[in-house]
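Coordinate inspection notes
Residues per chain are reported as follows:
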Amino acid sequence: VRQNRLSEAELLLVGREEHPESLRALAHLRLSQGRPAVAAALLERGLLAAEGDALKTAQLLAALVDARIAEGEIGAAEAASRRLTELADESGIPVVTARAGLAAARAHVAAERSDAAAEAARGALADFGSMAMPYETAQARLELARALAQESPDLAVEEARSAYASFRELGASLRAERAQAASS
């Protein structure tokens, strides 16, 4: 899905729809196809199956934030983001904390709270960077660009260009396209 090879992704997921990881991947596919309500339903089902597993739950909740935003359900996106933040606080797992920061940044951008979005994105950027997670670091950088777009457009363009270069280097063509659009 990250490489925008959607038909191949669909074939790989056939028959694996009950595992939380597969449900998350299938939800990303449905989001890419413009079907956010289906994605959200798949993620909710995945959350039931992942109960008790903080890492899987964090990945599912982060994706649920994206699905709810795509649906235009900003309140539901914020609720999923809060659930993820609570999970991060309870678990103390650094990657869960980073995912919570990125999800919060996305929810704040969607709710047009640029200062809170920028703060959350900066935290996620630092967290993912310290864990050497280049794809996620680029995602946080792109979210920071979105948060800065109104108040610091030149800096936003720089952040988006950096994210674009990272996504291209990683072969993540779908995200690279989005970052390129943000840097224009």
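Calculation rules
Residues numbered from 1 in each chain as written. Predicted model: local features only at pLDDT ≥ 70, side-chain atom pairs only at ≥ 80, totals over all residues. Heavy atoms only, no water. Phe/Tyr/Trp six-rings, centres within 6.5 Å; stacked < 30°, edge-to-face > 60°. Helix = DSSP H or I, 4+ residues; strand = E, 2+ residues; numbered from the N terminus. Buried < 20%, exposed > 50% of the residue type's maximum accessible area, 1.4 Å probe, protein only. Expected span 1.5 Å × (residues − 1). Arc of directions from axis to C-beta. Contact = heavy atoms within 4.5 Å. Salt bridge = Lys/Arg side-chain N within 4 Å of Asp/Glu carboxyl O. Axes fitted to C-alpha atoms, helices over the stretch in contact; angles between N-to-C directions. Parallel < 35°, antiparallel > 145°, perpendicular 65-115°, else oblique. Left-handed = near helix turned anticlockwise from the far one by under 90°. Nonpolar A, V, L, I, M, F, W, Y, C, P; charged D, E, K, R; others polar.

1. A short note on the packing of aromatic side chains
The description of an aromatic ring pair rests on the distance of the ring centres and on the angle between the ring planes. Summed over all chains, the structure comprises one aromatic pair. Consider the rings of Y135 and F167, whose centres lie 5.4 Å apart with planes at 65°: the pair is edge-to-face. Remark: F167 occurs in helix α9 (residues 153–170) and Y135 occurs in helix α8 (residues 134–148); sequence separation between them is 32 residues. Accessibility classification places Y135 together with F167 in one group, the buried group.

2. As for helix α3 (residues 36–49)
Here α3 spans 20 Å end to end across 14 residues, near enough to the 20 Å set by a 1.5 Å rise per residue. Buried within α3 we find P36, A39, A40, L42, L43, G46 and L47. Projection of α3 onto a plane perpendicular to its axis shows the buried side chains occupying an angular sector of 165°, all on one side. Packed against the buried residues of α3 are α2 (20–32), α4 (54–71) and α5 (74–91).

3. So, the pattern of salt bridges
Following the criterion strictly, the structure yields nine salt bridges and no others. Between R68 and E71 there is a salt bridge; the shortest N-O distance is 2.8 Å. Placement of the pair is R68 and E71 together in helix α4, with a separation of three residues, close to one helical turn. For R68, a relative accessible area of 18% translates into the label buried. As a salt-bridge pair, E158 and R161 come within 3.7 Å of each other at their nearest N and O atoms. With a gap of three residues between them, E158 and R161 both fall in helix α9, about one helical turn apart. On the accessibility criterion, R161 (47% relative accessible area) is partly exposed. Here the salt bridges do not stand alone but share partners, grouping D66, R106, E143 and R146 into one network.

4. Looking at the packing of α3 against α4
It is the contact of α3 with α4, at a shortest axis distance of 9 Å, that shows an interaxial angle of 155°. Compared by their axis directions, α3 and α4 come out roughly antiparallel. For the element pair α3 and α4, the recorded crossing hand is left-handed. Seen from α3, the contacting residues are P36, A37, A39, A40, L43, E44, G46 and L47; seen from α4, they are T57, L60, L61, A63, L64, A67, R68, A70 and E71. For the contact of α3 with α4, the class distribution of residues is 12 nonpolar, two polar and three charged.

5. Observations regarding unusual backbone geometry
Glycine aside, a negative phi is what most residues show, and trans is what most peptide bonds show. We note that E112 has phi near 60°; this positive angle belongs to a residue other than glycine. Summarising the element assignment, E112 is placed in the loop between α6 (94–110) and α7 (114–130). Residue E112 is classed as exposed on the basis of its relative accessible area, which comes to 74%. Phi at A132 takes a positive value of approximately 55°, unusual for a residue other than glycine. Here A132 is to be found in the loop between α7 and α8. Classification of A132 by relative accessible area gives exposed; the value is 63%.

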